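# Structural overview
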Amino acid sequence: MKTILPLAALLIFVSSCKKENIEVRQFYGTWEIRSATGFGPSLSQNYEPGSGTYIELKPDGTINRYENATPTSSETFRIVKKDITACKWSTSNYLAIEYGSGSYEQIRVNGDTLRMSTPPCWEDGGTVIYVRMKK
């Protein structure tokens, strides 16, 4: 009995120290662009289905970008939780896609819609909206 209590306490401690898991599978797939919005009316653009502008987020941590169905770039990525405390307001625990280059964007999935935007409280930036492509 004396060994069970310390063992149980250790297990509780270890399980509480585990990092919170991010469900990254929801981001994997091929996503076709629908709109890109910046600040000001001249910085907004809508895209028709079948435009050939899309991204692939692959389970191996690669993002491939396409325009007119032609590959334009490929780099590594990972989905991470970020905190910002250097703003007028703090934002914590938002999901970001962090690229191999070190840059990152806020990322969200709602059903078959993927939204990527500049991180919270940045002055300049915008949002790109994609829909999941069915293959």
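This section reports on the structure supplied with the text. (Residues numbered from 1 in each chain as written. Predicted model: local features only at pLDDT ≥ 70, side-chain atom pairs only at ≥ 80, totals over all residues. Heavy atoms only, no water.)

### A few points about the packing of aromatic side chains
We count it as follows: Any pair of Phe, Tyr and Trp rings, taking the six-membered ring for Trp, is counted once the centres come within 6.5 Å. Such a pair is stacked with planes under 30 degrees apart, edge-to-face with planes over 60 apart, and tilted for the rest. Helix and strand assignments come from DSSP, with helices taken as H or I runs of at least 4 residues and strands as E runs of at least 2, each series counted from the N terminus. Using a 1.4 Å probe on the protein chains alone, a residue whose accessible area is under 20% of its type maximum counts as buried, one over 50% counts as exposed, and one in between counts as partly exposed. Two conditions define a charge sitting above a ring: the NZ of Lys or the CZ of Arg must be within 6 Å of the ring centre, and it must be within 35 degrees of the ring normal.
Across all of its chains, the model carries one aromatic pair by this definition. With 4.5 Å between their ring centres and 15 degrees between their planes, Tyr54 and Tyr66 make a pair best called stacked. A residue pair is termed long-range when its members are at least 10 positions apart, and Tyr54 in strand β3 (residues 54–57) and Tyr66 in strand β4 (residues 62–67) qualify at twelve residues. Here Tyr54 matches Tyr66 in class, with each residue buried. One residue, Lys82, lies across the ring of Tyr104, its end atom 4.2 Å from the ring centre.

### Examining unusual backbone geometry
Phi is positive for Asn68, which is not a glycine, with a value near 50 degrees. Tracing the chain through its elements places Asn68 in the loop between β4 and β5 (70–84). Classification of Asn68 as exposed rests on a relative accessible area of 62%. Its identity is not glycine, yet Ala69 carries a phi of approximately 60 degrees, on the positive side. With respect to the helices and strands, Ala69 occurs in the loop between β4 and β5. Given the relative accessible area of 48%, Ala69 is considered partly exposed.

### Describing the nonpolar core
Threshold: Nine residue types can take part in a nonpolar core, namely buried Ala, Val, Leu, Ile, Met, Phe, Trp, Tyr and Cys, and a core is a set of them joined through side-chain atoms within 4.5 Å. In what follows, residue pairs with any heavy atoms lying within 4.5 Å of each other are defined as contacts.
One finds Ile55, Leu57, Ile97, Leu114 and Met116 to be the most contacted residues of the largest nonpolar core, which totals 14 residues. Elements supplying a minimum of two residues to this core: β1 (29–37), β3, β5, β6 (91–99) and β8 (113–117). Residue contacts for Leu114: discarding those within four places in its chain leaves Phe27, Trp31, Ile55, Leu57, Ile107, Arg108, Val109, Val128, Ile129 and Tyr130.

### Section: the environment of Ile33
On the secondary structure map, Ile33 appears in strand β1. Spatially, the C-alpha atoms of Ile33 and Tyr54 are 5.5 Å apart, while their sequence positions differ by 21 residues. Non-local contacts of Ile33, meaning those with residues more than four positions away in its chain, are made with Tyr47, Ser51, Thr53, Tyr54, Val128, Ile129 and Tyr130.

### Let's talk about the pattern of salt bridges
This is how it is decided: Think of a salt bridge as a Lys or Arg side-chain nitrogen and an Asp or Glu carboxyl oxygen that are within 4 Å of each other.
Per the counting criterion, the structure on display carries seven salt bridges. Here Lys82 ties to Glu98 by a salt bridge, and the two come within 2.9 Å at their closest N and O atoms. Linking Lys82 in strand β5 with Glu98 in strand β6, this pair joins segments that are 16 residues apart in sequence. Residues Lys82 and Glu98 agree in their burial class; the two are buried.

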